[in-house]
Amino acid sequence: MRGLFAYSAVTTKLRAMEGKLIKKQEYEEMAAMGSVTEVVEYLKRYPSYRKLFSEEEFDIHRGKVEALFQRVIYADFTKIYAFSGIEQRKFLDIYYIKYEIAVLKNCLRMLFNQYEASLDLAEFQAFFEKRSELDVARLGSSKTIPEFVENLKGSIFYSALKRLERTPDATLFDYENALNLFYMRRMWKAFEKVMKKRDWQIISEVYGSEIELLNLQWIYRAKKYYHMTPADIYAFIVPIHVKIPKELFKKIVESETIEEMEELVKTCYYARFREGLDTSSIETMYEELIKKIHDTSGRKYPYSIVCIENYLYKKTKEVDRLTTLIECVRYGLGFEETKKYIA
């Protein structure tokens, strides 16, 4: 009853917001369009996107598209925060770090893709100026990955990316995954400290699985591409064990070959969610299982902190899907090919 009483109002609000999310048929209608202009005109039928494009010239690169779409996520976050009680706001105050990380990822993508223009972070300034300690102007002046990392010095994110200097030829994926693992480690400690017992038990069930799946991603890449020692791998991963027993996890980290690791992963809890588990497609496995975990938790705990987490997850996926769809249309990939990318 406590959950029903504490979450009935915000759950009602979130259900109304969820009803306005873009549906499968609508994605397919946009995928069939012949130009970005047509997609933009279509999106203007949705109140949350209408103002976004009112004055924008949309012949811009992906980094700018992602920055624009972040406005929509921030607007929804602000609505939910205003509608939430004290306990829900404790969760959102910690969850907020995820949006700072989204900005850092956007910058990293632009730098890795070597866009000639400076990083334009003006889209994030208004949302961040009250909450964030990130020096947006300083980050925007970065021209290279090492310079970007140094410009984070003094922030909570610096050490998470600085250690990648020890990883030769680190990719964009590795930088993004390092930020994901950093967030999960920090979030886990913070949530455990401030949340009430029931909400913590529920959210730890959801995030515990996400942490373990991120750990598996990093272990796989560390072994396959960088030949890292178990000691170095342990320095990156989050020491959380929810569905994978500690002893099995230790064997996975210390396995001597990729083949041995694959066999061990096939014996863990997550193998049941995907027939013919193949560690070489571990990123796809991660996306599939996280979606299933959110769907399951939403049905299991409708009146809990999960209702907020699930909505924000779905909104983020909507923005990711739209960004990809616009890029597909821009490059004329065609309806069937675009459908595959946004599935």
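It should be emphasised that the depicted structure is a prediction, and the values quoted were computed from it without experimental measurement.

Each value, and the rule that gives it
Every chain is numbered on its own, with residues counted from 1 as its sequence reads. A pLDDT threshold of at least 70 governs which residues receive local features in this predicted model, and a stricter bar of 80 or more applies before side-chain atom pairs are shown or counted, although totals over entire chains, interfaces and linings include all residues. Side-chain calculation: all heavy atoms of the structure are included, whereas hydrogens and water are not. Note on scores: pLDDT gives the predictor's confidence for each residue, bounded by 0 and 100. Helical segments are the DSSP runs of H or I of at least four residues, strand segments are the runs of E of at least two, and each set is numbered from the N terminus. By salt bridge we mean one thing: a side-chain nitrogen of Lys or Arg within 4 Å of a carboxyl oxygen of Asp or Glu. Only protein chains enter the accessibility calculation, which uses a 1.4 Å probe; a residue whose area is less than 20% of its type maximum is buried, one above 50% is exposed, and one in between is partly exposed. Pairs were defined over the aromatic rings of Phe, Tyr and Trp, the Trp ring being its six-membered one, requiring ring centres within 6.5 Å. Orientation was assigned from the angle between planes: stacked under 30 degrees, edge-to-face over 60, tilted for the rest. A ring is scored as having a charge over it whenever the NZ atom of a lysine or the CZ atom of an arginine sits within 6 Å of its centre and within 35 degrees of its normal. Among the buried residues, those of types Ala, Val, Leu, Ile, Met, Phe, Trp, Tyr and Cys that are joined through side-chain atoms within 4.5 Å form a nonpolar core. The contact definition used throughout considers only heavy atoms, calling two residues in contact when any of these lie within 4.5 Å. Axis angles are defined between N-to-C directions and span 0 to 180 degrees, where every axis is a line fitted to C-alpha atoms and, for a helix, only to the segment in contact. Relative orientations are named as follows: roughly parallel for angles under 35 degrees, roughly antiparallel for angles over 145 degrees, roughly perpendicular for angles from 65 to 115 degrees, and oblique for any other angle. Should the near helix be turned anticlockwise from the far one by less than a right angle, the crossing is termed left-handed; should it be turned clockwise, right-handed. What a helix should span is 1.5 Å times the count of its residues minus one. Working definition: the arc comes from the directions between the helix axis and the C-beta atoms, pointing outward to the latter. Exposure above 30% relative accessible area and no salt bridge define the residues that can form patches, which grow by joining like charges within 9 Å and nonpolar side chains of Val, Leu, Ile, Met, Phe, Trp and Tyr within 5 Å. Here the Shrake-Rupley method, with its probe set to 1.4 Å, supplies the accessible areas, and only the displayed protein chains count as covering residues.

A. Fine view of the confidence of the model for the protein. Per-residue pLDDT for the protein averages 85, and the proportion of residues at 70 or more is 88%. Per-element mean pLDDT across the protein ranges from 62 in helix α8 (residues 122-128) up to 97 in helix α15 (residues 246-254).

B. Fine view of the pattern of salt bridges. For the structure on display, the rule yields 19 salt bridges. The partner of E165 in a salt bridge is K162, with the nearest N and O atoms 3.0 Å apart. Between D320 and K317 there is a salt bridge, and its shortest N-O distance comes to 3.9 Å. One end of the pair is D320 and the other is K317, both in helix α18 (residues 306-330) and three residues apart, which spans about a single turn. Judged by relative accessible area, which is 22%, K317 ranks as partly exposed. A single network of salt bridges, built from pairs that share partners, joins D76, K79, K315 and E318.

C. Inspection of the packing of aromatic side chains at higher detail. Taken as a whole and judged by the stated rule, the model has 16 aromatic pairs. Taken together, a centroid distance of 5.8 Å and an interplanar angle of 90 degrees make the contact between Y49 and F69 edge-to-face. Taken together, the positions of Y49 in helix α4 (residues 47-50) and F69 in helix α5 (residues 62-83) put the pair 20 residues apart, joining distant regions of the chain. Neither Y49 nor F69 differs from the other in exposure class; each is buried. Every member of this aromatic cluster is reached through a ring pair, and the members are Y74, F77, Y81, F91, Y95, Y96, Y99, F191 and Y207. Positioned over the ring face of F83 is K13, at 5.7 Å from the centre of the ring.

D. The nonpolar core, seen in detail. Judged by nonpolar contacts, the single largest core of 115 residues is most densely connected at M30, L43, Y49, F69, F91, Y207 and I308. Top element by residues in this core is helix α13 (residues 197-224). It accounts for 13 residues.

E. Spatial organisation of the side chain of K315. Topologically, K315 is positioned in helix α18. Residue classification places K315 among the buried positions, given a relative accessible area of 4%. The contact partners of K315, leaving out residues within four places of it in the chain, are L21, S48, Y49, V72, I73 and D76.

F. Seen up close, the packing of helix α2 (residues 24-31) against α18. Where α2 meets α18, the axes come as close as 10 Å, and the angle between the chain directions of the two elements is 20 degrees. One element, α2, and the other, α18, form an angle in the roughly parallel class. Crossing geometry of α2 relative to α18 is assigned as right-handed. Across from Y27, M30 and A31 in α2, the residues of α18 making contact are E318, R321, L322, L325 and V329.

G. Just unusual backbone geometry, in detail. Even without being a glycine, H227 presents a positive backbone phi close to 50 degrees. Mapping H227 onto the fold places it in the loop between α13 and α14 (230-236). H227 gets classed as exposed once you look at its relative accessible area, which sits at 64%.

H. A look at the environment of V265. Counting through the fold element by element, V265 comes out in helix α16 (residues 258-265). Separated by 13 residues in the primary sequence, V265 and I252 place their C-alpha atoms 7.2 Å from one another.

I. Representation of helix α17 (residues 282-300). The first and last C-alpha atoms of α17 sit 26 Å apart over 19 residues, in line with the 27 Å expected at 1.5 Å per residue. Residues of α17 that are buried: I282, M285, Y286, L289, I290, I293, H294 and S297. All buried residues of α17 project into a common sector of 160 degrees when viewed along the axis, lining one side. Against the buried residues of α17 lie α13 and α18.

J. Broad picture of a nonpolar patch on the surface. On the surface, Y331, L333 and Y341 cluster together into a nonpolar patch covering about 370 Å² of accessible area. Tracing the backbone through its elements, the reader meets Y341 in helix α19 (residues 335-342).

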